[in-house]
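Results of the structural survey
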Amino acid sequence: GIIGLKLSLDTNEKSVHAISFLKSFCDSSKKITRGVLRMQFLDALYKIIQRLNNCETANTNEEYINQLSNIWNIVENWSTKPKHTEFCYKFMQNLLSNSGDSFYEFERVNHFLDLLISYGSKNVQEFLNLIPSFIKSVKKNYLESENYKIAVNSIIDFMFPLKEK
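My aim in this report is to walk through the structure given alongside it, one point at a time. Keep in mind that what you see is a predicted model, and the values were worked out from it rather than measured.

The next point concerns the nonpolar core. Formed by 49 residues in total, the largest nonpolar core has its most connected members in Leu 45, Tyr 64, Ile 71, Phe 91, Phe 112 and Phe 134. Discounting chain neighbours no more than four positions away, the residues touching Ile 71 are Leu 22, Phe 25, Cys 26, Leu 45, Ile 49 and Phe 91.

Take the packing of helix H3 (residues 62-78) against helix H5 (residues 106-120) next. Relative orientation of the contacting elements H3 and H5 amounts to 10°, with a least axis distance of 13 Å. Here H3 is positioned roughly parallel relative to H5, judged by the angle of their axes. Contacts between H3 and H5 involve Ser 69, Trp 72 and Glu 76 on the former and, on the latter, Arg 108, His 111, Phe 112 and Leu 115.

Attention now moves to the side chain of Lys 139. With respect to the helices and strands, Lys 139 occurs in the loop between helix H6 (124-136) and helix H7 (140-143). Nearest to the buried, unbridged Lys 139 among oppositely charged side chains is Asp 101, at 4.9 Å. The residues touching Lys 139, leaving out its near neighbours within four places in the chain, are Leu 96, Ser 97, Ser 99, Gly 100, Asp 101 and Tyr 104.

The rules behind each value
- Residues numbered from 1 in each chain as written.
- Predicted model: local features only at pLDDT ≥ 70, side-chain atom pairs only at ≥ 80, totals over all residues.
- Heavy atoms only, no water.
- Core = buried A, V, L, I, M, F, W, Y, C linked by side-chain atoms within 4.5 Å.
- Buried < 20%, exposed > 50% of the residue type's maximum accessible area, 1.4 Å probe, protein only.
- Contact = heavy atoms within 4.5 Å.
- Axes fitted to C-alpha atoms, helices over the stretch in contact; angles between N-to-C directions.
- Helix = DSSP H or I, 4+ residues; strand = E, 2+ residues; numbered from the N terminus.
- Parallel < 35°, antiparallel > 145°, perpendicular 65-115°, else oblique.
- Lys, Arg positive; Asp, Glu negative; His and termini not counted.
- Salt bridge = Lys/Arg side-chain N within 4 Å of Asp/Glu carboxyl O.

Written out as structure tokens, the structure is:
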């Protein structure tokens, strides 16, 4: 299957092929409508992205980072279908935690947290399953930011709302 593809960003030629593959995914994603197929495809795609993220140039390859952003947007769109939300959010969480600082932007992390909290308001159990991996995977530069403190407070406020008197 596609997991066995020897994609890499190590050379310019290999990078062109890897980015072309990711573009093909984005182009053909409209055809993938069934949840089971989306889930299987995201599992395979994540394994490929993990391998690509291990390349030295992954964090500086602008085209690659743009493709990750395109994939992110597609998966976020897929997540609006209630039966697909949880596995899409798991993919998005894995993508965040495994990607370099160029992709792990404060705005993207904060937006993802907002998505989780919104999801949690109707799906508490699923939220409680997802939030620990979010907290565990926070990158050091984010841990030391004011944004992280705000994020933690948002999680705490959501999980333990103050009762009005």
